[in-house]
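A closer look at the structure
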Amino acid sequence: MSPTTRPEFARHRSTFSYPIVLNLDDVAVLVVGGGRIGARKAEALVRSGARVRLVASEVSEHVDRRALEEAMGEVIERPFVDADLDGIRLVITATGDIETDRVISAVARSRGIWTNAADQPVDCEFILPAIARSGRVTGMISTDGASPALAKYLRDRLAEILDDRVAEIAEVLAAERAALQARGESTEDIDWRPRLEELFARS
């Protein structure tokens, strides 16, 4: 097979085909854009423990400056410059201008920094799924960038399943796994389905 020839499976797979969940505690993330979308992205990142540097020509009232700064982040009101990428691990652009987001994505890519450009999958190394959470349980829906509206619709359906009882069951199972591991036993080969059915039957 020629080095430039893609295998058959690769030609038919999704573009964003490898789901991953990140630990962003104390990770420096750049958000470019100070409007409603940029503010929402920054808020979610702060909740995940990231240190957010938000850069925007205009910072709207949607941006909670105090929350960002209290989380060891910063808000810089001026246009993006390449130096804003210094020390950054991830970038999310949400300026509302396609060409501006494309340029920022290209600069970040040239420095080996993964970038998400809001509503522009072609300029992304990663995309952000629609998320439903209940305690430590997180469900994620992605349409490979095809339709964020569909992803959000399915997320809302998923949220109906991930109620408070699911969060409680997760804690019960975490404690049971920890107890087994403390005794030196592996939890990988256990068939947990009967226990799960028992717990859900009680709810």
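Before any of the text, the structure's been laid out above.
Note that this is a predicted model, so its numbers are computed, not measured. Position numbers for residues start from 1 in each chain and track the written sequence from start to end. The predicted origin of the model limits local features to residues at a pLDDT of at least 70 and limits the giving and counting of side-chain atom pairs to 80 or more, whereas totals for whole chains, interfaces and linings rest on all residues. For side-chain calculations, the full set of non-hydrogen atoms in the structure is used, while hydrogens and water are omitted.

Another aspect to go through is the packing of helix 6 (residues 164-182) against helix 7 (residues 193-202). For any two helices packed against each other, the geometry comes down to the angle between their axes and how far apart the axes lie. Under this scheme, a helix contributes an axis fitted over its contacting stretch, all axes are lines through C-alpha atoms, and angles between N-to-C directions fall in the 0 to 180 degree range. Starting at the N terminus, helices and strands are each numbered in turn, a helix being any DSSP run of H or I of at least four residues and a strand any DSSP run of E of at least two. For the pair helix 6 and helix 7, interaxial distance at closest approach is 11 Å and the crossing angle is 140°. In terms of orientation, helix 6 lies oblique with respect to helix 7. Where helix 6 crosses over helix 7, the two elements pack in a sense that is right-handed. Contacts from R165, V166, I169, V172, L173 and E176 of helix 6 reach helix 7 at R195, L196, L199, F200 and R202. Taken together, the residues that form the contact of helix 6 with helix 7 break down as 7 nonpolar, no polar and 4 charged. Geometric relationships in this document are graded by angle, where less than 35 degrees denotes roughly parallel, more than 145 denotes roughly antiparallel, 65 to 115 denotes roughly perpendicular, and other angles denote oblique. Note: crossing handedness is left-handed where the near helix turns anticlockwise from the far helix by less than a right angle, and right-handed where it turns clockwise. The contact criterion used is simple: two residues touch if any of their non-hydrogen atoms lie within 4.5 Å. The classification used treats Ala, Val, Leu, Ile, Met, Phe, Trp, Tyr, Cys and Pro as nonpolar, Asp, Glu, Lys and Arg as charged, and all other residues, Gly among them, as polar.

Okay, a nonpolar patch on the surface next. Residues enter patches when their relative accessible area tops 30% and they take part in no salt bridge; the joining distance is 9 Å for like charges and 5 Å for the nonpolar side chains Val, Leu, Ile, Met, Phe, Trp and Tyr. Each accessible area is a Shrake-Rupley estimate made with a 1.4 Å probe; only the visible protein chains count as cover when residues are assessed. The rule for a salt bridge is simple: a side-chain nitrogen of Lys or Arg has to be within 4 Å of a carboxyl oxygen of Asp or Glu. Nonpolar side chains collect at one region of the surface, where Y18, I20 and L22 lie side by side and expose about 400 Å² of accessible area between them. Burial here depends on accessible area, computed with a 1.4 Å probe over protein chains only, as a share of the maximum for the residue type. Under 20% is buried, over 50% is exposed, and the range in between is partly exposed. Residue classification places Y18 among the exposed residues on the basis of a relative accessible area of 71%.

For the rest of this paragraph, the subject is the pairing of strand 5 (residues 114-117). Bridge analysis of strand 4 (residues 90-93) against strand 5 gives 4 bridges, and the strand direction is parallel. Directly across from T93, in strand 5, lies its bridge partner A117. Orienting the strands away from the viewer, one traces the path from the first strand over the helix to the second; a clockwise path indicates a right-handed crossover. The parallel pair strand 4 and strand 5, bridged by helix 4 (residues 98-110), forms a crossover whose chirality is right-handed. In this scheme, strands are said to pair when DSSP sees at least two bridges between them.

Okay, the side chain of Q120 next. By the secondary structure assignment, Q120 is in the loop between strand 5 and strand 6 (130-134). A relative accessible area of 9% means that Q120 is categorised as buried. N or O atoms closer than or at 3.5 Å make up a polar contact, with two conditions inside protein: a donor-capable atom paired with an acceptor-capable one, and, for residues adjacent in sequence, both atoms drawn from side chains. Of the polar contacts made by the side chain of Q120, one reaches the backbone oxygen of I98; its length is 3.4 Å. Among residues more than four places away in sequence, those in contact with Q120 are D97, I98, D101 and R102.

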